[in-house]
Every structure is written in structure tokens, then in C-alpha cells.
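Observations on the model geometry
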Amino acid sequence: MKIAICTGGGDCPGLNAVIRAVTRHAKLNFNMDVVGILESINGLMCDPPRIRHLSLNDVAGIIDRGGTMLGTSNKGSPFKDPTEGPKAIANALKNWKSLGLDALIVVGGDGTQRMALNLHHAGMPIVGIPKTIDNDYSPTDLSIGFLTSVEVAANAISRLHSTAESHSRAMVIEVMGRDAGYIALHAGIAAAANVILLPEIPFNYDAIVKATEERRMRGRNFSIIVVAEGAYENGKAPMFRSSATGTVHLGGIADEVARTLHTRIGMDTRVTVLGHTQRGGSPVMMDRILATAFGVHAVDLIAKKQYGHVVTWKGGRVSQMPYNEIVEGTRAIAPTDQFIHAAESIGICLGR
Ligand code: F6P
């Protein structure tokens, strides 16, 4: 067999680990040829297709490397356009045939897996592997990259305690996650935040002020406030800002919280936006392990010709779910989540 792999959407630590696992398992145990499609599924739609052959040596020494050796793109789906969409699919099918491919592994979050589904419906045998630092892809409890982003964010937040205490300040840290608060909640708990604001729980300033004042009355003259980029005040909407290149992203809520807190209680505040540090660099060990197990499972599914599935981590096991059973592609933290309960039980203010 000749199989292909591509990585789509925002990059994250662990992508090279999954490329390595797929290539090694496919070659060592099934004698398959492995081809990497460059810059997401887009590489398959170009004329000529943008690919590179992957040998065992090509994937040697990359398990700990951040980013993706195949490149990626998160510029949206070409399939949404009624004229360009069918052309893109036709091009992909043409290239698929000329390259003699038998199956494609698509590593990506919800957006990329939706693109993959279009190709699957057009007749390509596809297996998906979930990755996203946001951990918001619904079929799986864990996606590649999430644990590393939590580690990076928690380490950064931990470092802010001493400077916050020295200057009697409130440090407001904005973390990524889009409309889900998984990074904020997990990193906030791990780094002993006093307040964590999540998109899932629209916040009230009264609650944040109360929590900060109570600490000051106990002699704790500083506060650590973790804000998910998608968090927003009750009754308002999430905040966006445009990048230097004109694209619009969630962001700005940490500035707003810092300003309001200063106005309300006169506390000195500083803002730290962690940004893409949460996506860069080497994957933590568990992301390397997860990526390896996901890659191996995807190849096993292909060997059994079990296509149209996405690999999942559910109940502590690697498994798979058919694409057509996925109803809502993205998810957010449930109100009954055990970590929401844990945070509030130890006195972390969630802004309510
Ligand atoms: O989905 C991953 C993510 O890092 C989000 O947490 C963040 O909002 C977004 O991507 C940033 O995207 P870009 O790479 O386009 O700046």
C-alpha cells in the first residue's frame, strides 16, 4: 500500500511525533510506502501536488521537535466556496490517482477533519487523528498538543507569583483556547491561580473584586488571574483584535479585566499574553506517547481498511469514532466538569 499523511490547522507540539509513528509502523510492519502531503490537505489540491516521500531516516530524531516537518495551514476550508470547492476536490482526486495513493491520514482539529470528511465523501479512504492545543475536538478526551500547552502556560503562570507578590500586583494572564477554557482551567489549577475566567462561565466583576479583596484582607497582597482568550463579562460578547496582517482573533479580554480591576479597587495590575509560546517547542512526554499511540492506531485502521474514522482517546484507551457519528465537532467544558468542581472547591474564583 501507499499511504499519505498531512497535518492541518494551527501547528502544535507532537505533530512530528505522530508523523514519525505513522511512518515507522507503516514501514516496519506493513512495508507500506509513506508520502507526506505539504501544508495541510492543500498540498494535495495543488498542481502539481506538493509532497515529500518519507523514509525511516527522514523521521529519525524528530519525536521531540515542535511544529510539523510537513508544514500546515489554518487559513480555512476551500470546500466552503461553491465554485472553488468542487474544483479543489476534483484536483485532489486527480492527484490522488496519479500518486497511486491508497489511504490518507489527516492530523488536525475540527476544521481540518471537516475538510477531510469532504474528501472522504468524494471517495478517498481517510483516517483522522485529533490535534489541537485547545482540546475542544469533541470525539476525543485528549488531543495531541493540549498537555504541552498546559505545561507551558502553567510554568509561565507559576513564574508570575513572585513578581506579583513583590510588587503587590494583580497579574492577569491571557491564554489561548478559542471558545473553550480547557487550557485556562488546567493551567490555572496547576499554577495556583486565584481567579480563572472561562468562556463557559460568563464572569461578573463583583466576584473577581470580592475574591481579590478577600485575599488582601488575609494579607495576600497579590492575585493571579488567568483569563481564557474567549472569556467575557456576563451580558457582553467575547473580545477580538486584529493582527498586524489584518486577520481578526480572539483577544484583549486580559487588558479589559486588568483595567477594570484597577478602576474598581485601585490595585496595580499587569497583563501577560502568552500567545504562541503555548504552541511552540518540544512536546511533553505524554504528548509524545499519545501521538505515537494515535499514529500506530491510524495505521492499524488502514491495514484493516477501516476508513472514515477519527482516532480517539476515551476512558483511558485509544479507540476510534466514525466521522458520521460526530454531531458537534467542537466542545466546551461542561458545567458539571470535575475540574470546575475541584477548582471552586479549593477556593479558586471562576468569576461567578
Ligand atoms: O486553535 C489553536 C489556536 O492556537 C487558538 O488557541 C488560537 O486562538 C488560534 O489558534 C490562533 O491562531 P493563529 O495561529 O492563526 O494565530
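Residues numbered from 1 in each chain as written. Predicted model: local features only at pLDDT ≥ 70, side-chain atom pairs only at ≥ 80, totals over all residues. Heavy atoms only, no water.

1. Details of the overall build of the chain
As a reminder, the rule being used: Helix numbering and strand numbering both begin at the N terminus, where a helix is a DSSP run of H or I of at least 4 residues and a strand a DSSP run of E of at least 2. The globule rule used here is 2.2 Å times the number of residues to the 0.38 power, and the radius of gyration it is set against is calculated over C-alpha atoms. Only protein chains enter the accessibility calculation, which uses a 1.4 Å probe; a residue whose area is less than 20% of its type maximum is buried, one above 50% is exposed, and one in between is partly exposed. In this description, contact between two residues means that some pair of their heavy atoms is separated by no more than 4.5 Å. Only the protein chains shown count as cover for residues, with accessible areas throughout obtained via the Shrake-Rupley method and a probe of 1.4 Å. Here the positive residues are Lys and Arg and the negative ones are Asp and Glu; neither His nor the chain ends is included. Charge positions come from single atoms, namely NZ of Lys, CZ of Arg, CG of Asp or CD of Glu.
Assigned secondary structure in the chain consists of 10 helices and 13 strands. Over its C-alpha trace the chain gives a radius of gyration of 22 Å, about what one expects of a compact globule, namely 20 Å for 352 residues. On the principal axes, the C-alpha backbone points of the chain span a range of 70 × 40 × 35 Å. Residue burial in the chain is summarised as follows: out of 352 residues, 53% are buried. Of the contacts made within the chain by residues no fewer than 6 positions apart, 72% connect residues no fewer than 24 positions apart. Just so you have it, the chain exposes about 15,100 Å², and 51% of that area is on carbon and sulfur atoms. Looking at charge distribution, the chain has the averaged site of its 35 positive side-chain charges lying 4 Å from that of its 32 negative ones.

2. What about the packing of helix H7 (residues 205–217) against helix H8 (residues 253–265)?
Heads up, the rule is: To obtain an axis, a line is fitted to C-alpha atoms, over the contacting stretch when the element is a helix, and the angle between two such axes runs from 0 to 180 degrees between their N-to-C directions. For classification purposes, an angle smaller than 35 degrees is called roughly parallel, one larger than 145 roughly antiparallel, one from 65 to 115 roughly perpendicular, and anything else oblique. Each crossing is labelled by how the near helix is turned from the far one, with a counterclockwise turn of less than a right angle marking it left-handed and a clockwise turn marking it right-handed. Residues are grouped as follows: Ala, Val, Leu, Ile, Met, Phe, Trp, Tyr, Cys and Pro are nonpolar; Asp, Glu, Lys and Arg are charged; all remaining types, including Gly, are polar.
As a packed pair, H7 and H8 sit with axes 11 Å apart at the nearest point and diverge in direction by 60°. Taken together, the axes of H7 and H8 lie oblique to each other. Judged by the sense of rotation from one axis to the other, the crossing of H7 with H8 is right-handed. On H8, the residues touching Tyr-205, Asp-206, Ile-208, Val-209, Thr-212, Glu-213 and Arg-216 of H7 are Glu-256, Val-257, Thr-260, Leu-261, Arg-264 and Ile-265. Among the residues making up the contact of H7 with H8, the classes are represented as six nonpolar, two polar and five charged.

3. Some thoughts on the environment of His-25
Looking at where His-25 falls in the secondary structure, it is placed in helix H1 (residues 15–30). You can call His-25 buried: its relative accessible area is 13%. A sequence separation of 272 residues divides His-25 from His-297, and the C-alpha atoms of the two residues are 9.4 Å apart. Beyond its immediate chain neighbours, meaning those up to four positions away, His-25 contacts Phe-30, Val-296, Val-299 and Asp-300.

4. Things to note about the site of the ligand
Inclusion rule: Distances are taken per atom, and a residue is near a molecule or strand as soon as one of its heavy atoms is within 4 Å of it. We call two N or O atoms a polar contact when they sit within 3.5 Å, provided that within protein one can donate a hydrogen and the other can accept it, with sequence-adjacent residues counted only if both atoms are side-chain atoms. With a 1 Å grid spanning the protein atoms alone, the term cavity applies to any set of points in which a 1.4 Å probe fits but cannot get out, the term pocket to an open set with protein on both sides within 12 Å along at least five of seven lines, and the term lining residue to any residue with an atom within 4 Å of a point. Whether a molecule sits in a cavity or pocket is decided by its atoms, more than half of which must lie within 2 Å of the grid points. Note that the domain bounds were set by an automatic or database domain assignment.
Contacts to the ligand come from Asn-74, Ile-133, Asp-134, Met-176, Gly-177, Arg-178, Glu-229, His-249, His-276 and Arg-279. Between the ligand and Gly-177, the relevant distance is 3.1 Å, taken from an oxygen atom to a main-chain nitrogen or oxygen of the residue. For the ligand, an oxygen atom lies 2.9 Å from a polar atom in the side chain of Arg-178. Of the pockets mapped on this structure, the ligand occupies the largest pocket. Among the residues making up the shell around the ligand, the classes are represented as two nonpolar, four polar and four charged. Of the domains in this structure, domain 1 (2–145 + 283–314) and domain 2 (149–280 + 335–345) are the two that each give at least three residues to the shell around the ligand.

5. Comments concerning the domain arrangement of the chain
What counts is decided by this rule: As used here, buried area is the combined drop in accessible area, with a 1.4 Å probe, of two parts when they are placed together.
Here the chain is described as being made up of domain 1 (2–145 + 283–314) and domain 2 (149–280 + 335–345). Taking only C-alpha atoms into account, the centre of domain 1 sits 34 Å from that of domain 2. Opposite the 10 residues of domain 1 that make contact, domain 2 presents 11 residues. When domain 1 packs against domain 2, the two sides together hide about 890 Å² of surface, and 52% of this comes from carbon and sulfur. Sorting the residues of domain 1 by area buried against domain 2 places Asp-11, Ile-133 and Asp-134 first, and these three jointly supply 52% of that buried surface.

6. Focus: the environment of Asn-194
Mapped onto the elements, Asn-194 comes out in the loop between helix H6 (182–190) and strand E7 (195–197). Between the alpha carbons of Asn-194 and Val-248 there is a distance of 30 Å; along the sequence they are 54 residues apart. Contact partners of Asn-194, with chain neighbours within four places excluded, come to Arg-215, Phe-222, Ser-223, Ile-224, Gly-347, Ile-348 and Cys-349. At 2.7 Å, the side chain of Asn-194 forms a polar contact with the backbone nitrogen of Ile-224.

7. A short note on the sheet that holds strand E4 (residues 103–108)
To keep it simple, the criterion reads: Strand pairing follows a simple DSSP-based rule, namely that at least 2 bridges must link the two strands.
In spatial order, the strands read E3-E2-E1-E4-E5-E12-E13; together these seven strands make up an open sheet with mixed pairing. One side of each edge strand has no neighbouring strand; the edge strands of this open sheet are strand E3 (51–53) and strand E13 (317–322). Within this sheet the neighbouring strands show an average axis-to-axis angle of 25°, counted without direction. Both E4 and strand E5 (residues 126–130) contribute to a ladder of five bridges, which runs parallel. Within E5, the residue paired with Leu-104 across the bridge is Ile-126. With respect to the sheet, helix H9 (residues 285–303) is in contact with strand E1 (2–7), E4, E5, strand E12 (309–314) and E13, its orientation differing from that of E12 by roughly 140°.

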